[in-house]
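Structure at a glance
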Amino acid sequence: MEEHRVFEIPQLKEAGDMKDRRNFRDLPPTYIPMRNGIFYSVAASYAEEVGADYIIGGHNREDVEVFPDTSPAFFESFQKAIWAGSRLLGERRTTVLRPLQLKSKAEVVSLAAGLGVPLERTWSCYREGSRHCGECEGCRKRAKAFSEAGVSDPLRLA
Ligand SMILES: [Zn+2]
């Protein structure tokens, strides 16, 4: 089965716009509470709907170092939670895979370039629009990763 489905989660925009960040002082300004946990929960719901064997996450080592909801401890518990919370996922032993979790962003860019991934179709910007802004943290990290990997960014953000 091949389907691309878009899920709207307006609560994430509201959480990203919160003014009071006292509880998140040691986290980056782009941190949105439980964002990855929400993404994986939506993915688990979809996996149950279509009877998937795997849920595959794309976060990398740098994410794991910053966001608790991409940590091995989170996934150990999340895996058990989806098996307990969904008869179908439990019976199928639907498994959450994180193939990039030990790689840096630069290593992910190198891997993608080597595999022929259409990097011009990837999105890194935190802002809305038809083009990357080139200024936000997502764009800066993208430029750094491509530079460190020695790969030319087809979007030329730097
Ligand atoms: Zn940007």
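Residues numbered from 1 in each chain as written. Predicted model: local features only at pLDDT ≥ 70, side-chain atom pairs only at ≥ 80, totals over all residues. Heavy atoms only, no water.

**Thoughts on the nonpolar core**
Basically, it comes down to this: The set of buried Ala, Val, Leu, Ile, Met, Phe, Trp, Tyr and Cys residues whose side-chain atoms join them within 4.5 Å is what this entry labels a nonpolar core. A 1.4 Å probe rolled over the protein chains alone gives each residue an accessible area, and that area as a share of the maximum for its type sets the label: buried under 20%, exposed over 50%, partly exposed in between. We count a stretch as a helix when DSSP gives it H or I for four or more residues in a row; a strand needs E for two or more, and each element gets its number in order from the N terminus. We call two residues in contact when some of their heavy atoms are within 4.5 Å.
Grouped together as the largest cluster of nonpolar side chains are 11 residues: Tyr40, Ala44, Ala47, Ala52, Ile55, Phe74, Phe75, Phe78, Ile82, Leu89 and Val96. Those elements that place two or more of their residues in this core are helix H2 (35-50) and helix H4 (72-85). Top contributing element to this core by residue count: H4, with 4 residues. In contact with Ile82, not counting residues within four places along its chain, are Ala44, Ile55, Leu89, Gly90, Thr94 and Val96. The next biggest cluster of nonpolar side chains, apart from the first, holds 6 residues, and it includes Val109, Ala112, Phe146 and Val151.

**A short note on unusual backbone geometry**
One non-glycine residue with positive phi stands out, namely Met34, at about 55°. According to the relative accessible area criterion, Met34 is partly exposed, its value standing at 42%. Its identity as a non-glycine residue notwithstanding, Arg93 has a phi of 55°, on the positive side. Relative to the assigned elements, Arg93 resides in the loop between helix H5 (87-92) and strand E2 (95-97). Here Arg93 falls in the partly exposed class, since its relative accessible area comes to 47%.

**A short note on the coordination of the zinc ion**
Our working definition: Coordination partners: N, O, S within 2.8 Å of the metal, 3.2 Å for Na, K and Ca; water not considered, so apparent gaps in a site are possible. Angle rules define the geometry names used: all angles between 85 and 135 degrees makes four donors tetrahedral, while opposite donors over 155 degrees apart and all other angles between 65 and 115 make four donors square planar and six octahedral, leaving every other case irregular.
Coordination of the zinc ion by the protein is provided by Cys125 (SG), Cys133 (SG), Cys136 (SG) and Cys139 (SG), with metal-donor distances spanning 2.3 to 2.4 Å. Taken together, the 4 donor atoms coordinating the zinc ion span angles of 105 to 114° at the metal, a pattern that classifies the geometry as tetrahedral. Mapping the donors of the zinc ion onto the primary sequence yields the spacing C-x7-C-x2-C-x2-C.

**Looking at a nonpolar patch on the surface**
Here is the rule: In this analysis, a patch consists of residues with relative accessible area above 30% that form no salt bridge, clustered at 9 Å for like charges and at 5 Å for the nonpolar side chains Val, Leu, Ile, Met, Phe, Trp and Tyr. Surface exposure here means Shrake-Rupley accessible area, sampled with a 1.4 Å probe, where a residue is shielded only by the protein chains that are shown. Here, a salt bridge means any side-chain nitrogen of Lys or Arg that lies within 4 Å of a carboxyl oxygen of Asp or Glu.
A contiguous nonpolar surface patch, about 320 Å² in accessible area, is contributed by Tyr54, Ile56 and Leu97. Inspection of the secondary structure assignment puts Tyr54 in strand E1 (residues 54-56).

**Considerations on the packing of aromatic side chains**
In plain terms, the rule: Geometry of aromatic contacts follows a simple scheme: Phe, Tyr and Trp rings, the Trp one being its six-membered ring, pair when their centres are within 6.5 Å, and the pair is stacked under 30 degrees between planes, edge-to-face over 60, tilted otherwise.
Here the structure, examined in full by the defined rule, presents 6 aromatic pairs. Summarising the aromatic geometry, the rings of Phe74 and Phe78 are spaced 5.5 Å apart at their centres and angled 20° between planes, so their arrangement reads as stacked. With Phe74 and Phe78 both in helix H4 and 4 residues apart, this pair spans about one turn of that helix. Grouping residues by exposure puts Phe74 and Phe78 together as buried. Through successive ring pairs, a cluster of aromatic residues spans Tyr40, Phe74, Phe75 and Phe78.

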